[in-house]
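Residue strings, one per chain:
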Amino acid sequence: MTHRIIPVDPFDLVIFGATGDLARRKLLPGMFHRDADGQLLEGTRIIGCARSQMDADGFRALARDAITDHVPADRLDTQVLERFLARLDYVTNNVSDADGWETLKDVLGASPQSSIRVFYLSVGPALFAPIVEGLAAHGLAENGRLVVEKPIGHDGASARALNDRIGAAFPEDRVYRIDHYLGKETVQNLIALRFANALFEPLWNARHVDHVQITVAESLGVEQRGPYYDRAGAMRDMVQNHLLQLLCLTAMEPPYHFEADAVRDEKLKVLRALRPLTGHDALAATVRGQYRGYAKEAENPDSHTESFVAIRAEIGSWRWAGTPFYLRTGKKLRSRLSEIVVRFRQTPHQIFSDLGAPLSANALIIRLQPDEGITLSITTKDPGPGGFRMRETPLDMSFAESAERGWRMPDAYERLVLDVVRGDQTLFMRRDEVEAAWGWVDPIIEAWETSGRKPEPYDSGSDGPYGAIDMLSREGQRWRELSP
Ligand code: BG6
(Lines give C-alpha, C1' and ligand atoms only; values in the text may rest on other atoms or scores of the structure.)
Protein backbone atom coordinates (compact mmCIF):
# COMPACT_ATOMS: atom_id res chain seq x y z
CA MET A 1 0.00 0.00 0.00
CA THR A 2 1.38 3.43 -0.82
CA HIS A 3 0.84 5.92 1.90
CA ARG A 4 1.95 9.47 1.26
CA ILE A 5 2.23 12.17 3.86
CA ILE A 6 2.21 15.66 2.45
CA PRO A 7 3.25 18.41 4.89
CA VAL A 8 0.85 21.33 5.28
CA ASP A 9 1.86 24.99 5.27
CA PRO A 10 2.88 26.37 8.68
CA PHE A 11 -0.12 27.45 10.74
CA ASP A 12 -1.17 28.80 14.10
CA LEU A 13 -3.79 26.69 15.85
CA VAL A 14 -5.44 28.49 18.76
CA ILE A 15 -7.37 26.08 20.95
CA PHE A 16 -9.98 27.69 23.19
CA GLY A 17 -10.70 25.27 26.02
CA ALA A 18 -7.13 23.98 25.79
CA THR A 19 -7.18 22.46 29.27
CA GLY A 20 -10.42 20.56 28.62
CA ASP A 21 -11.18 16.95 27.86
CA LEU A 22 -11.29 17.16 24.05
CA ALA A 23 -7.97 18.97 23.88
CA ARG A 24 -6.30 16.44 26.15
CA ARG A 25 -7.81 13.31 24.62
CA LYS A 26 -7.91 14.22 20.95
CA LEU A 27 -6.49 17.54 19.79
CA LEU A 28 -3.06 17.56 21.44
CA PRO A 29 -2.36 13.83 20.88
CA GLY A 30 -3.73 14.17 17.34
CA MET A 31 -1.41 17.06 16.47
CA PHE A 32 1.47 15.14 18.03
CA HIS A 33 0.79 12.23 15.64
CA ARG A 34 0.78 14.61 12.68
CA ASP A 35 4.09 16.04 13.86
CA ALA A 36 5.54 12.56 14.32
CA ASP A 37 4.61 11.76 10.71
CA GLY A 38 6.45 14.86 9.54
CA GLN A 39 3.36 16.74 8.46
CA LEU A 40 3.91 19.88 10.56
CA LEU A 41 6.53 22.25 9.26
CA GLU A 42 8.74 24.61 11.16
CA GLY A 43 6.84 27.70 12.25
CA THR A 44 3.67 25.80 13.11
CA ARG A 45 2.43 26.78 16.55
CA ILE A 46 -0.31 25.58 18.86
CA ILE A 47 -1.54 28.19 21.27
CA GLY A 48 -3.66 27.06 24.19
CA CYS A 49 -6.26 29.47 25.50
CA ALA A 50 -8.28 28.91 28.65
CA ARG A 51 -9.33 30.56 31.88
CA SER A 52 -6.70 28.81 34.02
CA GLN A 53 -3.76 30.95 35.08
CA MET A 54 -0.79 29.17 33.58
CA ASP A 55 2.31 29.96 31.58
CA ALA A 56 3.61 28.26 28.46
CA ASP A 57 5.66 25.80 30.52
CA GLY A 58 2.58 24.84 32.53
CA PHE A 59 0.71 24.16 29.31
CA ARG A 60 3.61 22.14 27.94
CA ALA A 61 3.55 20.00 31.09
CA LEU A 62 -0.21 19.47 30.65
CA ALA A 63 0.32 18.54 27.00
CA ARG A 64 3.16 16.18 27.86
CA ASP A 65 0.85 14.33 30.28
CA ALA A 66 -2.00 14.26 27.75
CA ILE A 67 0.27 12.86 25.06
CA THR A 68 1.86 10.28 27.33
CA ASP A 69 -1.61 9.16 28.43
CA HIS A 70 -3.14 8.95 24.95
CA VAL A 71 -0.36 8.08 22.54
CA PRO A 72 0.89 4.48 22.39
CA ALA A 73 4.39 4.08 23.83
CA ASP A 74 5.86 2.89 20.51
CA ARG A 75 5.01 6.25 18.92
CA LEU A 76 6.49 8.30 21.76
CA ASP A 77 9.81 9.36 20.33
CA THR A 78 11.45 11.73 22.84
CA GLN A 79 12.92 13.97 20.15
CA VAL A 80 9.59 14.36 18.42
CA LEU A 81 7.87 15.02 21.73
CA GLU A 82 10.33 17.80 22.58
CA ARG A 83 9.96 19.28 19.09
CA PHE A 84 6.19 19.19 19.47
CA LEU A 85 6.19 20.74 22.95
CA ALA A 86 8.40 23.56 21.70
CA ARG A 87 5.58 24.55 19.32
CA LEU A 88 3.22 25.21 22.21
CA ASP A 89 2.36 28.50 23.83
CA TYR A 90 -0.39 29.52 26.23
CA VAL A 91 -2.56 32.58 26.84
CA THR A 92 -4.87 32.99 29.81
CA ASN A 93 -8.13 34.28 28.41
CA ASN A 94 -11.39 34.44 30.29
CA VAL A 95 -13.24 35.94 27.30
CA SER A 96 -14.71 38.96 29.06
CA ASP A 97 -11.32 40.30 30.06
CA ALA A 98 -9.67 42.59 27.49
CA ASP A 99 -6.12 41.78 28.65
CA GLY A 100 -6.36 38.18 27.55
CA TRP A 101 -7.40 39.25 24.04
CA GLU A 102 -4.56 41.74 23.80
CA THR A 103 -2.04 39.13 24.88
CA LEU A 104 -3.41 36.68 22.31
CA LYS A 105 -3.11 39.35 19.67
CA ASP A 106 0.52 39.99 20.61
CA VAL A 107 1.36 36.30 20.60
CA LEU A 108 -0.23 35.83 17.20
CA GLY A 109 1.36 38.99 15.83
CA ALA A 110 4.78 37.70 16.82
CA SER A 111 4.41 34.82 14.38
CA PRO A 112 6.90 35.27 11.58
CA GLN A 113 6.03 32.37 9.28
CA SER A 114 2.46 31.31 9.48
CA SER A 115 -0.25 33.10 7.61
CA ILE A 116 -2.91 30.50 8.39
CA ARG A 117 -4.77 31.04 11.63
CA VAL A 118 -7.20 28.49 13.00
CA PHE A 119 -9.38 29.20 16.02
CA TYR A 120 -10.74 25.97 17.46
CA LEU A 121 -13.63 26.37 19.91
CA SER A 122 -13.34 23.35 22.15
CA VAL A 123 -15.57 24.93 24.78
CA GLY A 124 -19.16 24.67 26.03
CA PRO A 125 -21.77 26.05 23.59
CA ALA A 126 -22.52 29.03 25.85
CA LEU A 127 -19.05 30.39 25.02
CA PHE A 128 -19.25 30.03 21.23
CA ALA A 129 -20.78 33.42 20.52
CA PRO A 130 -18.81 35.41 23.16
CA ILE A 131 -15.51 34.03 21.83
CA VAL A 132 -16.44 34.69 18.21
CA GLU A 133 -17.42 38.24 19.12
CA GLY A 134 -14.23 38.67 21.16
CA LEU A 135 -12.15 37.58 18.17
CA ALA A 136 -13.97 40.04 15.92
CA ALA A 137 -13.78 42.92 18.39
CA HIS A 138 -10.02 42.51 18.67
CA GLY A 139 -9.41 42.31 14.96
CA LEU A 140 -8.52 38.63 15.08
CA ALA A 141 -11.32 37.29 12.91
CA GLU A 142 -9.91 38.76 9.70
CA ASN A 143 -8.56 35.92 7.60
CA GLY A 144 -8.88 33.49 10.52
CA ARG A 145 -10.68 30.17 10.19
CA LEU A 146 -13.16 29.16 12.85
CA VAL A 147 -13.75 25.59 13.98
CA VAL A 148 -16.91 24.96 15.99
CA GLU A 149 -17.77 21.76 17.78
CA LYS A 150 -21.32 20.56 18.15
CA PRO A 151 -23.85 21.20 19.55
CA ILE A 152 -24.73 24.00 17.15
CA GLY A 153 -27.83 25.15 18.99
CA HIS A 154 -30.43 23.26 20.98
CA ASP A 155 -33.03 23.48 18.23
CA GLY A 156 -33.51 25.17 14.87
CA ALA A 157 -34.17 28.64 16.28
CA SER A 158 -31.12 28.67 18.57
CA ALA A 159 -28.94 27.22 15.79
CA ARG A 160 -30.02 30.01 13.45
CA ALA A 161 -29.34 32.63 16.12
CA LEU A 162 -25.88 31.19 16.77
CA ASN A 163 -25.10 30.89 13.07
CA ASP A 164 -26.10 34.55 12.65
CA ARG A 165 -23.67 35.61 15.34
CA ILE A 166 -20.92 33.45 13.89
CA GLY A 167 -21.70 34.75 10.40
CA ALA A 168 -21.38 38.37 11.56
CA ALA A 169 -17.69 37.72 12.31
CA PHE A 170 -16.65 34.92 9.95
CA PRO A 171 -17.90 34.41 6.40
CA GLU A 172 -19.26 30.90 5.74
CA ASP A 173 -16.22 29.90 3.69
CA ARG A 174 -14.08 30.28 6.81
CA VAL A 175 -16.41 28.44 9.21
CA TYR A 176 -15.72 24.75 9.84
CA ARG A 177 -18.50 23.00 11.78
CA ILE A 178 -17.01 19.75 12.94
CA ASP A 179 -18.87 16.47 12.88
CA HIS A 180 -16.07 14.10 13.81
CA TYR A 181 -17.96 11.18 12.23
CA LEU A 182 -17.10 12.66 8.84
CA GLY A 183 -13.42 12.34 9.69
CA LYS A 184 -13.64 8.60 10.31
CA GLU A 185 -11.75 6.57 7.75
CA THR A 186 -14.64 4.28 6.81
CA VAL A 187 -17.03 7.15 6.34
CA GLN A 188 -14.74 8.56 3.69
CA ASN A 189 -14.43 5.10 2.28
CA LEU A 190 -18.18 5.00 1.88
CA ILE A 191 -17.83 7.99 -0.46
CA ALA A 192 -15.03 6.21 -2.35
CA LEU A 193 -16.97 2.96 -2.49
CA ARG A 194 -20.04 4.63 -3.93
CA PHE A 195 -18.48 7.06 -6.34
CA ALA A 196 -15.21 5.47 -7.44
CA ASN A 197 -16.71 2.09 -8.37
CA ALA A 198 -19.19 1.28 -11.09
CA LEU A 199 -20.37 -1.80 -9.22
CA PHE A 200 -22.75 -0.44 -6.62
CA GLU A 201 -24.33 2.67 -8.06
CA PRO A 202 -26.75 0.84 -10.43
CA LEU A 203 -28.10 -1.09 -7.43
CA TRP A 204 -28.15 1.86 -5.05
CA ASN A 205 -31.87 2.64 -5.11
CA ALA A 206 -35.27 1.51 -3.87
CA ARG A 207 -35.62 -1.03 -6.67
CA HIS A 208 -32.72 -3.05 -5.33
CA VAL A 209 -32.27 -1.94 -1.73
CA ASP A 210 -34.83 -3.32 0.71
CA HIS A 211 -33.78 -1.12 3.61
CA VAL A 212 -30.81 0.56 5.24
CA GLN A 213 -29.85 0.31 8.91
CA ILE A 214 -27.59 2.88 10.53
CA THR A 215 -26.44 1.96 14.03
CA VAL A 216 -24.21 3.86 16.41
CA ALA A 217 -24.18 1.82 19.62
CA GLU A 218 -22.04 2.66 22.61
CA SER A 219 -21.31 0.53 25.63
CA LEU A 220 -20.46 3.45 27.92
CA GLY A 221 -23.07 5.55 29.69
CA VAL A 222 -23.15 9.32 30.11
CA GLU A 223 -20.05 9.24 32.36
CA GLN A 224 -19.09 12.74 33.57
CA ARG A 225 -21.31 14.52 31.05
CA GLY A 226 -24.61 14.06 32.89
CA PRO A 227 -25.70 17.72 33.05
CA TYR A 228 -24.99 18.40 29.34
CA TYR A 229 -26.43 15.09 28.20
CA ASP A 230 -29.58 15.37 30.25
CA ARG A 231 -30.45 18.59 28.43
CA ALA A 232 -29.59 17.07 25.06
CA GLY A 233 -30.50 13.37 24.91
CA ALA A 234 -29.58 10.96 22.15
CA MET A 235 -31.62 12.82 19.54
CA ARG A 236 -29.73 16.10 19.88
CA ASP A 237 -26.40 14.52 20.82
CA MET A 238 -26.19 11.90 18.08
CA VAL A 239 -29.08 11.83 15.59
CA GLN A 240 -29.22 15.51 14.63
CA ASN A 241 -25.60 15.37 13.58
CA HIS A 242 -23.71 12.06 13.31
CA LEU A 243 -26.55 9.74 12.24
CA LEU A 244 -28.08 12.20 9.81
CA GLN A 245 -24.68 12.84 8.27
CA LEU A 246 -24.21 9.11 7.76
CA LEU A 247 -27.67 8.90 6.25
CA CYS A 248 -26.84 11.76 3.87
CA LEU A 249 -23.64 10.13 2.63
CA THR A 250 -25.45 6.84 2.11
CA ALA A 251 -28.42 8.35 0.31
CA MET A 252 -27.08 11.34 -1.61
CA GLU A 253 -26.86 11.63 -5.37
CA PRO A 254 -23.38 11.61 -6.92
CA PRO A 255 -21.95 15.14 -6.61
CA TYR A 256 -20.63 16.56 -9.88
CA HIS A 257 -17.20 16.84 -8.29
CA PHE A 258 -15.58 15.88 -5.00
CA GLU A 259 -15.56 19.43 -3.81
CA ALA A 260 -16.97 21.02 -0.66
CA ASP A 261 -20.09 22.73 -1.94
CA ALA A 262 -20.90 20.07 -4.51
CA VAL A 263 -20.92 17.41 -1.77
CA ARG A 264 -22.77 19.57 0.70
CA ASP A 265 -25.41 20.56 -1.85
CA GLU A 266 -26.22 16.88 -2.34
CA LYS A 267 -26.34 16.18 1.40
CA LEU A 268 -28.65 19.13 1.86
CA LYS A 269 -31.06 17.73 -0.73
CA VAL A 270 -31.31 14.50 1.26
CA LEU A 271 -32.06 16.36 4.49
CA ARG A 272 -34.75 18.36 2.72
CA ALA A 273 -36.23 15.21 1.21
CA LEU A 274 -36.64 13.44 4.56
CA ARG A 275 -40.33 12.81 5.09
CA PRO A 276 -41.36 15.06 7.98
CA LEU A 277 -42.36 13.22 11.15
CA THR A 278 -44.83 15.18 13.22
CA GLY A 279 -47.46 14.40 15.88
CA HIS A 280 -48.74 10.81 15.72
CA ASP A 281 -46.50 9.94 12.78
CA ALA A 282 -43.48 10.92 14.85
CA LEU A 283 -44.60 8.78 17.78
CA ALA A 284 -45.30 5.80 15.52
CA ALA A 285 -41.99 6.01 13.70
CA THR A 286 -39.72 6.45 16.72
CA VAL A 287 -38.79 4.63 19.92
CA ARG A 288 -37.11 6.31 22.86
CA GLY A 289 -35.34 4.42 25.58
CA GLN A 290 -33.51 5.16 28.80
CA TYR A 291 -31.11 2.72 30.42
CA ARG A 292 -31.85 1.66 33.97
CA GLY A 293 -29.73 3.74 36.34
CA TYR A 294 -29.51 6.67 33.89
CA ALA A 295 -31.50 9.10 36.04
CA LYS A 296 -29.16 8.57 38.96
CA GLU A 297 -26.07 9.05 36.79
CA ALA A 298 -27.55 12.19 35.28
CA GLU A 299 -28.48 13.39 38.79
CA ASN A 300 -32.04 14.03 37.72
CA PRO A 301 -34.47 11.52 39.26
CA ASP A 302 -37.39 12.65 37.07
CA SER A 303 -35.43 12.71 33.85
CA HIS A 304 -37.39 12.00 30.66
CA THR A 305 -34.23 12.26 28.57
CA GLU A 306 -33.63 9.46 26.10
CA SER A 307 -30.31 7.62 26.05
CA PHE A 308 -31.53 5.55 23.09
CA VAL A 309 -33.46 6.41 19.92
CA ALA A 310 -34.65 4.31 17.02
CA ILE A 311 -36.30 5.97 14.03
CA ARG A 312 -37.89 4.72 10.86
CA ALA A 313 -37.03 7.42 8.37
CA GLU A 314 -38.11 7.76 4.76
CA ILE A 315 -36.62 9.81 2.00
CA GLY A 316 -39.12 11.22 -0.46
CA SER A 317 -37.16 11.01 -3.70
CA TRP A 318 -37.29 8.99 -6.92
CA ARG A 319 -34.25 7.05 -5.80
CA TRP A 320 -35.43 6.12 -2.33
CA ALA A 321 -39.25 6.11 -2.17
CA GLY A 322 -40.17 2.73 -0.64
CA THR A 323 -36.86 2.01 1.13
CA PRO A 324 -36.94 2.68 4.86
CA PHE A 325 -33.83 3.96 6.62
CA TYR A 326 -33.78 2.61 10.17
CA LEU A 327 -31.61 4.63 12.54
CA ARG A 328 -30.66 3.58 16.03
CA THR A 329 -28.24 4.91 18.59
CA GLY A 330 -27.89 4.48 22.30
CA LYS A 331 -25.63 4.37 25.31
CA LYS A 332 -24.96 1.43 27.65
CA LEU A 333 -25.77 -1.10 24.97
CA ARG A 334 -24.35 -4.59 24.50
CA SER A 335 -21.28 -3.38 22.61
CA ARG A 336 -19.62 -0.45 20.94
CA LEU A 337 -20.49 -0.81 17.31
CA SER A 338 -21.14 1.64 14.50
CA GLU A 339 -22.15 0.46 11.09
CA ILE A 340 -24.26 1.10 8.05
CA VAL A 341 -26.02 -1.92 6.58
CA VAL A 342 -27.44 -1.76 3.08
CA ARG A 343 -29.72 -4.77 2.76
CA PHE A 344 -30.53 -5.63 -0.86
CA ARG A 345 -33.74 -7.24 -2.03
CA GLN A 346 -34.11 -10.96 -2.63
CA THR A 347 -33.56 -12.31 -6.12
CA PRO A 348 -36.79 -11.85 -8.13
CA HIS A 349 -37.28 -15.60 -8.46
CA GLN A 350 -35.72 -18.28 -6.27
CA ILE A 351 -34.52 -21.26 -8.27
CA PHE A 352 -33.15 -22.88 -5.12
CA SER A 353 -36.47 -22.97 -3.28
CA ASP A 354 -36.26 -26.77 -2.91
CA LEU A 355 -33.20 -26.37 -0.69
CA GLY A 356 -35.25 -25.42 2.36
CA ALA A 357 -34.95 -22.12 4.22
CA PRO A 358 -35.06 -19.04 1.98
CA LEU A 359 -31.64 -17.64 1.15
CA SER A 360 -30.65 -14.44 2.85
CA ALA A 361 -30.52 -11.36 0.75
CA ASN A 362 -27.17 -9.71 0.04
CA ALA A 363 -25.98 -7.04 2.40
CA LEU A 364 -23.23 -4.50 2.27
CA ILE A 365 -21.94 -3.68 5.74
CA ILE A 366 -19.87 -0.57 6.21
CA ARG A 367 -18.29 -0.83 9.65
CA LEU A 368 -17.10 2.39 11.24
CA GLN A 369 -15.96 0.92 14.53
CA PRO A 370 -14.51 -1.23 15.89
CA ASP A 371 -12.50 -3.04 13.18
CA GLU A 372 -13.14 -0.55 10.40
CA GLY A 373 -13.94 -2.30 7.19
CA ILE A 374 -16.45 -3.16 4.53
CA THR A 375 -18.11 -6.55 4.15
CA LEU A 376 -20.25 -7.76 1.31
CA SER A 377 -22.38 -10.64 2.38
CA ILE A 378 -23.12 -12.96 -0.53
CA THR A 379 -24.60 -16.43 -0.94
CA THR A 380 -22.30 -19.19 -2.16
CA LYS A 381 -22.44 -22.93 -2.48
CA ASP A 382 -21.27 -24.90 0.51
CA PRO A 383 -18.11 -26.62 -0.72
CA GLY A 384 -18.01 -30.41 -1.00
CA PRO A 385 -19.62 -33.20 -2.97
CA GLY A 386 -22.60 -33.85 -0.67
CA GLY A 387 -25.46 -32.31 -2.59
CA PHE A 388 -26.09 -28.63 -3.20
CA ARG A 389 -26.35 -26.47 -0.13
CA MET A 390 -26.03 -22.72 0.19
CA ARG A 391 -24.40 -20.55 2.77
CA GLU A 392 -23.82 -16.88 3.50
CA THR A 393 -20.21 -15.89 2.85
CA PRO A 394 -18.67 -12.58 3.89
CA LEU A 395 -16.37 -10.89 1.41
CA ASP A 396 -14.32 -8.93 3.87
CA MET A 397 -12.22 -5.86 3.44
CA SER A 398 -10.81 -5.06 6.82
CA PHE A 399 -8.74 -1.92 7.26
CA ALA A 400 -7.18 -3.48 10.36
CA GLU A 401 -4.99 -5.44 7.96
CA SER A 402 -3.44 -2.23 6.72
CA ALA A 403 -2.67 -1.43 10.35
CA GLU A 404 -0.91 -4.76 10.67
CA ARG A 405 1.27 -3.77 7.75
CA GLY A 406 2.52 -0.85 9.78
CA TRP A 407 -0.06 1.69 8.70
CA ARG A 408 -1.72 3.45 11.59
CA MET A 409 -5.40 4.44 11.34
CA PRO A 410 -5.46 8.18 12.07
CA ASP A 411 -8.06 9.56 14.43
CA ALA A 412 -10.85 11.63 12.86
CA TYR A 413 -9.62 14.83 14.50
CA GLU A 414 -6.15 14.53 12.98
CA ARG A 415 -7.59 14.56 9.52
CA LEU A 416 -10.19 17.23 10.18
CA VAL A 417 -7.84 19.77 11.78
CA LEU A 418 -5.45 19.46 8.86
CA ASP A 419 -8.35 19.81 6.42
CA VAL A 420 -9.04 23.17 8.06
CA VAL A 421 -5.41 24.14 7.53
CA ARG A 422 -5.67 23.05 3.88
CA GLY A 423 -8.86 25.09 3.57
CA ASP A 424 -10.96 22.08 2.59
CA GLN A 425 -14.55 22.25 3.86
CA THR A 426 -15.78 19.03 2.25
CA LEU A 427 -16.03 17.11 5.51
CA PHE A 428 -17.59 19.97 7.49
CA MET A 429 -21.23 20.89 7.89
CA ARG A 430 -22.48 23.96 6.14
CA ARG A 431 -24.91 26.27 7.90
CA ASP A 432 -27.91 25.26 5.80
CA GLU A 433 -27.26 21.55 6.48
CA VAL A 434 -27.24 22.06 10.24
CA GLU A 435 -30.44 24.04 10.07
CA ALA A 436 -32.15 21.54 7.75
CA ALA A 437 -31.21 18.73 10.14
CA TRP A 438 -32.84 20.62 13.00
CA GLY A 439 -35.85 21.22 10.77
CA TRP A 440 -36.43 17.46 10.65
CA VAL A 441 -35.51 16.74 14.27
CA ASP A 442 -37.44 19.57 15.99
CA PRO A 443 -41.00 18.29 15.24
CA ILE A 444 -40.06 14.82 16.49
CA ILE A 445 -38.84 16.21 19.80
CA GLU A 446 -41.94 18.39 19.98
CA ALA A 447 -44.18 15.35 19.47
CA TRP A 448 -42.37 13.51 22.28
CA GLU A 449 -42.70 16.48 24.60
CA THR A 450 -46.38 16.97 23.81
CA SER A 451 -47.15 13.31 24.38
CA GLY A 452 -45.54 13.42 27.85
CA ARG A 453 -44.53 9.76 27.40
CA LYS A 454 -41.51 8.57 29.30
CA PRO A 455 -38.77 6.72 27.42
CA GLU A 456 -38.94 2.95 27.63
CA PRO A 457 -36.46 1.52 30.17
CA TYR A 458 -33.81 -0.96 29.06
CA ASP A 459 -31.08 -2.89 30.83
CA SER A 460 -27.47 -1.84 30.60
CA GLY A 461 -25.59 -4.18 28.31
CA SER A 462 -28.72 -5.09 26.35
CA ASP A 463 -29.85 -4.44 22.76
CA GLY A 464 -31.96 -1.48 23.87
CA PRO A 465 -35.69 -1.24 24.50
CA TYR A 466 -38.03 -3.92 23.26
CA GLY A 467 -39.97 -1.30 21.28
CA ALA A 468 -37.04 -0.92 18.88
CA ILE A 469 -36.94 -4.63 18.15
CA ASP A 470 -40.69 -4.63 17.72
CA MET A 471 -40.54 -1.67 15.35
CA LEU A 472 -38.60 -3.76 12.84
CA SER A 473 -40.28 -7.09 13.44
CA ARG A 474 -43.64 -5.51 12.57
CA GLU A 475 -42.13 -4.95 9.14
CA GLY A 476 -40.70 -8.47 8.92
CA GLN A 477 -37.16 -7.22 9.58
CA ARG A 478 -34.65 -7.37 12.38
CA TRP A 479 -31.68 -5.34 13.46
CA ARG A 480 -28.27 -6.75 12.87
CA GLU A 481 -26.72 -8.20 16.00
CA LEU A 482 -24.89 -5.75 18.21
CA SER A 483 -21.97 -8.09 18.73
CA PRO A 484 -18.70 -6.64 17.48
C1 BG6 B 1 -20.07 12.67 20.57
C2 BG6 B 1 -21.22 12.58 21.52
O3 BG6 B 1 -20.34 13.59 19.56
O4 BG6 B 1 -19.83 11.39 19.99
C5 BG6 B 1 -20.94 11.53 22.60
O6 BG6 B 1 -21.44 13.85 22.13
C7 BG6 B 1 -20.58 10.22 21.96
O8 BG6 B 1 -22.07 11.38 23.46
C9 BG6 B 1 -19.48 10.39 20.92
O10 BG6 B 1 -20.14 9.35 22.99
C11 BG6 B 1 -19.24 9.11 20.15
O12 BG6 B 1 -18.11 9.26 19.34
P13 BG6 B 1 -17.23 8.01 18.91
O14 BG6 B 1 -16.24 8.56 17.95
O15 BG6 B 1 -16.60 7.48 20.16
O16 BG6 B 1 -18.18 7.03 18.31
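Here, the structure is the one placed above.
**Student:** Would you mind going over the environment of Thr 375 with me for this structure?
**Tutor:** Position of Thr 375 relative to the elements: it lies in strand 13 (residues 373-381). In this structure, the C-alpha to C-alpha distance between Thr 375 and Leu 243, residues 132 residues apart in sequence, is 20 Å. Not counting residues within four places of it along the chain, the set of residues in contact with Thr 375 comprises Ala 363, Leu 364, Ile 365, Arg 367, Pro 394, Leu 395 and Asp 396. Within the structure, the side chain of Thr 375 is placed 2.6 Å from the side chain of Asp 396, a separation counted as a polar contact.

**Student:** Explain helix 7 (residues 185-195) here, please?
**Tutor:** The α-helix advances 3.6 residues per turn, and as a result positions three or four apart in sequence lie on the same side. Of the positions making up helix 7, those classed as buried are Thr 186, Val 187, Gln 188, Leu 190, Ile 191, Leu 193 and Arg 194. Those residues of helix 7 that are buried lie in contact with helix 8 (226-251), strand 11 (337-344), strand 12 (363-369), strand 13 and helix 13 (412-422).

**Student:** Whenever I open this one, the site of the ligand confuses me. Can you help?
**Tutor:** Looking at the ligand, the residues that line it are Lys 150, His 180, Tyr 181, Lys 184, Glu 218, Arg 225, Asp 237, Met 238, His 242, Lys 331, Arg 336 and Gln 369. A distance of 2.6 Å is found between an oxygen atom of the ligand and a side-chain nitrogen or oxygen belonging to Asp 237. Protein contact buries 82% of the 400 Å² of open area that the ligand shows by itself. The biggest single contributor to the shell around the ligand is helix 8, with three residues. Here the residues of the shell around the ligand are counted per class, giving two nonpolar, three polar and seven charged.

**Student:** In this structure, what is going on with the pattern of salt bridges? I would like to understand it.
**Tutor:** Opposite charge on two side chains allows them to pair when their charged atoms are near. Counted according to the given criterion, the structure contains 40 salt bridges. Between Arg 389 and Asp 382 there is a salt bridge; the shortest N-O distance is 3.9 Å. Classification of Arg 389 by relative accessible area gives partly exposed; the value is 46%. One salt bridge in this structure joins Arg 415 and Asp 419, with 3.3 Å as the shortest N-O distance.

**Student:** Teacher, can you tell me more about a nonpolar patch on the surface here?
**Tutor:** A contiguous nonpolar patch, built from Ile 351, Phe 352, Leu 355 and Phe 388 and spanning about 380 Å² of accessible area, is present on the exposed surface. Relative to the elements of secondary structure, Phe 352 occurs in the loop between strand 11 and strand 12. Residue class for Phe 352 comes out partly exposed when judged on its relative accessible area of 30%.

Conventions used here
- Residues numbered from 1 in each chain as written.
- Predicted model: local features only at pLDDT ≥ 70, side-chain atom pairs only at ≥ 80, totals over all residues.
- Heavy atoms only, no water.
- Helix = DSSP H or I, 4+ residues; strand = E, 2+ residues; numbered from the N terminus.
- Contact = heavy atoms within 4.5 Å.
- Polar contact = N/O pair within 3.5 Å; in protein donor to acceptor, adjacent residues only side chain to side chain.
- Buried < 20%, exposed > 50% of the residue type's maximum accessible area, 1.4 Å probe, protein only.
- Near = heavy atom within 4 Å.
- Areas by Shrake-Rupley, 256 points an atom, 1.4 Å probe, with all protein chains shown as cover.
- Nonpolar A, V, L, I, M, F, W, Y, C, P; charged D, E, K, R; others polar.
- Salt bridge = Lys/Arg side-chain N within 4 Å of Asp/Glu carboxyl O.
- Patch = residues over 30% accessible without salt bridge, like charges linked within 9 Å, V, L, I, M, F, W, Y side chains within 5 Å.

In short, the description is geometric, and any link to function would need to be established separately.
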